[in-house]
Amino acid sequence: MKELQEKFIRKIEATPMDFTRSLMDTIRWEARLIGIKGARGVGKTTLILQYIKKNIPVDQSSLYVSLDNIWFADHTLSSLVDQFIKQGGKFLFLDEVHKYPNWSQELKNIYDDYPELKIVFTASSLLEILNARADLSRRAIVYTMQGLSYREFLNLKLGLQLPSYSLNAILEDHLAISRQINTHIKPLEYFSSYLKQGYYPFFQEVPALYFQRIEEVINLILEIELPLLRKVEIAYVSKLKQLLQIISESVPFVPNVSKLSERIGVNRNTFVSYLYFLEEAHITRNLYKDAKGITQLQKPNKIFLENTNFQYALSPSQANIGNIRETFFLNQLSVAHTVEFIEETDFLVDRQYVFEVGGKSKNKRQIRNQEQGYLVVDDVEYGMGNTIPLWLFGFLY
């Protein structure tokens, strides 16, 4: 255990505090059991280390450990916790819990046996809390973390403190908000950079290797997490990569399930389940006509890549600007809102607002009969009436 504590201290000392994600202020840290799910590379580990550094004493009362550490080849989580508690442990932070066999049962037992202990864990976006062998849904408060919003990207890159705005505030007062933001920054100056390589916090580390790291993220999810957590057969991983390539070259992708399942070599139901798993893994975003009633066997009406950076990483020469705009809008809205497919326009949000997304020459024909219809326009700093700048939706979180 001593070696784990030493590694914990070294990690804390190396953790920067100049920028923190907005999720930091959303999490109810006082809860006894907190889960943070998210795709690889979005910054889950940094988030919990920053929280510790800012709020928790780094002594015998606290411990951070990654469950993929080789230490656990010869030790159990339960034995670690027992020793930790006897030494005065109060705050336990567990990274990558999905890498530990039987994680859910041990975590449930620890929660029940040590009521004085507060636990925060991180895991793959594929982790099942509700359907795990030991149901933790009544015990754990679970948050989902995604990549940087455009606002967070600007704050990180430029050292700013730009605030976020609710969707209602943007719809009702977008001109005043745009004017306020423009006093600090010209938002269009950095927007294309964000769309290409600004979604993951590691964009500042080695810019030349950014797309290579994105490909590594995708490969690890497809080759390790999907087979481990969703029992996807390894033989089909190459076919899923081929499917992602097809999606990246489409504007956007409208799936023909019969043809694609035949091409990949699986039956229809298995193929549709794979589409569902790709969205769970935060590789794609599937658009459904009835999002609240979806099942693993329901075919999505449209499929987008999860974020615009994937588009430039997988198929830079095929990056269609219309698809990029819609992908950005869907990505930013999906964090806190229900976004659904609608025949007449591009998106239905919260079953109340209708949005058409396009360039600055886009007209209002498709929303002219919609009482709560909005035109979302790229390449403009300000909007008027029900015409709103696309970049502004990057300030939702």
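Residues numbered from 1 in each chain as written. Predicted model: local features only at pLDDT ≥ 70, side-chain atom pairs only at ≥ 80, totals over all residues. Heavy atoms only, no water.

The next thing to look at is the overall build of the protein. The helix and strand inventory of the protein stands at 13 helices and 12 strands. What you see for the protein is a C-alpha radius of gyration of 22 Å, in line with the 21 Å of a compact globule of 397 residues. Along the three orthogonal principal directions, the C-alpha set of the protein runs to about 70 × 55 × 40 Å. Counting over 397 residues, the protein shows a buried share of 55%. Within the protein, contacts between residues at least 6 apart in sequence are counted, and of these 66% link residues at least 24 apart. As displayed, the protein has an accessible area near 17,700 Å², and 47% of this comes from carbon and sulfur atoms. Between the centroid of the 45 positive side chains of the protein and the centroid of its 45 negative side chains there is a distance of 2 Å. (Helix = DSSP H or I, 4+ residues; strand = E, 2+ residues; numbered from the N terminus. Rg over C-alpha atoms; globule rule 2.2 N^0.38 Å. Buried < 20%, exposed > 50% of the residue type's maximum accessible area, 1.4 Å probe, protein only. Contact = heavy atoms within 4.5 Å. Areas by Shrake-Rupley, 256 points an atom, 1.4 Å probe, with all protein chains shown as cover. Lys, Arg positive; Asp, Glu negative; His and termini not counted. Charge placed at Lys NZ, Arg CZ, Asp CG, Glu CD.)

We now examine the environment of K289. Along the chain, K289 falls in the loop between β6 (284-287) and β7 (302-305). It is 40 Å that separates the C-alpha atoms of K289 and S66, two residues lying 223 residues apart in sequence. With near-sequence residues (within four places) excluded, K289 lies in contact with N301, E340, F341 and E343.

Another point: the sheet that holds strand β5 (residues 141-145). In a beta sheet, neighbouring strands are held together by backbone hydrogen bonds and run either parallel or antiparallel to one another. Strand order in the open sheet made by the five strands is β2-β3-β4-β1-β5, with parallel pairing throughout. Bordering the open sheet on either side are β2 (62-66) and β5, each of which pairs with just one other strand. Averaged over all pairs of adjacent strands, the angle between their axes in this sheet comes to 15°, without regard to strand direction. Strand direction decides the pairing type here: strand β1 (residues 33-38) and strand β4 (residues 118-124), joined by six bridges, are parallel. Looking across to β4, one finds that G35 is bridged to F121. Contacts from helix α4 (residues 103-113) reach β1, β3 (91-95) and β4 within the one sheet, and its direction differs from that of β4 by about 165°. (Pairing = 2+ DSSP bridges. Axes fitted to C-alpha atoms, helices over the stretch in contact; angles between N-to-C directions.)

Here the idea is plain: a probe the size of a water molecule rolls over the atoms and shows the empty space left. Considering only enclosed or pocket space, the largest pocket measures out at about 1,200 Å³ in volume. Forming the boundary of the largest pocket are 40 residues, of which T144, H282, R285, S334 and V335 lie nearest the centre. Put simply, the parts of the chain that give the lining of the largest pocket at least two residues each are β5, α5 (150-158), α11 (268-280) and β6. A class-by-class count of the residues in the lining of the largest pocket yields 17 nonpolar, 12 polar and 11 charged. Empty space within the second largest pocket amounts to approximately 890 Å³. What lines the second largest pocket is a set of 38 residues, and nearest its centre among them are G41, G43, T45, T46 and E205. (1 Å grid on protein atoms, 1.4 Å probe; cavity = no way out; pocket = protein on both sides within 12 Å on 5 of 7 lines; lining within 4 Å. Points joined across faces, edges and corners; volume = space filled by probe spheres on them. Nonpolar A, V, L, I, M, F, W, Y, C, P; charged D, E, K, R; others polar.)

Further remarks concern the environment of D112. Topologically, D112 is positioned in helix α4. Relative accessible area serves as the criterion here: at 36%, D112 is assigned to the partly exposed category.

What follows is about the pattern of salt bridges. One pass over the full model with this rule turns up 17 salt bridges. Taking the shortest distance from any N to any O, the salt bridge between E30 and R28 comes out at 2.7 Å. Between R351 and E340 there is a salt bridge, with the nearest N and O atoms lying 2.9 Å from each other. Placement of the pair is R351 in the loop between β9 (347-349) and β10 (353-358) and E340 in strand β8 (residues 339-340), with a sequence separation of 11 residues. (Salt bridge = Lys/Arg side-chain N within 4 Å of Asp/Glu carboxyl O.)

Reading across the sheet, the five strands line up as β8-β9-β10-β11-β12 and stay open at both edges, with mixed pairing between neighbours. What marks the edges here is a single partner per strand, and that holds for β8 and β12 (387-389). Pairing geometry for strand β11 (residues 373-377) and β12, over three bridges, is parallel. Among the inter-strand pairings, V376 is bridged to a residue of β12, identified as I388. Contacts from helix α6 (residues 167-182) reach β9, β10, β11 and β12 within the one sheet, and its direction differs from that of β12 by about 75°.

On to the packing of α5 against helix α7 (residues 188-197). Running from amino to carboxyl end, α5 crosses α7 at an angle of 105°, the nearest separation of the two axes being 10 Å. Here α5 is positioned roughly perpendicular relative to α7, judged by the angle of their axes. On the side of α5, the interface is formed by Y150, F153, L154, K157 and L158, while α7 contributes L188, Y190, F191, S193 and Y194. Tallied by class, the residues present in the contact of α5 with α7 amount to eight nonpolar, one polar and one charged. (Parallel < 35°, antiparallel > 145°, perpendicular 65-115°, else oblique.)

Right, let's talk about a nonpolar patch on the surface for a bit. Together, L175, Y382 and M384 line one region of the surface with nonpolar side chains, adding up to about 290 Å² of accessible area. By the element assignment, Y382 lies in the loop between β11 and β12. By relative accessible area, which is 37% here, Y382 ends up partly exposed. (Patch = residues over 30% accessible without salt bridge, like charges linked within 9 Å, V, L, I, M, F, W, Y side chains within 5 Å.)

Along a regular strand, successive side chains alternate from one face of the sheet to the other. Alternating positions in β7 separate into two faces, K302 and F304 on one and I303 and L305 on the other, with burial throughout. Two strands pair when backbone bridges link them, and β6 and β7 are joined in this way by four bridges, in the antiparallel orientation. Residue T284 lies in a different strand from β7, and its bridge partner there is L305.

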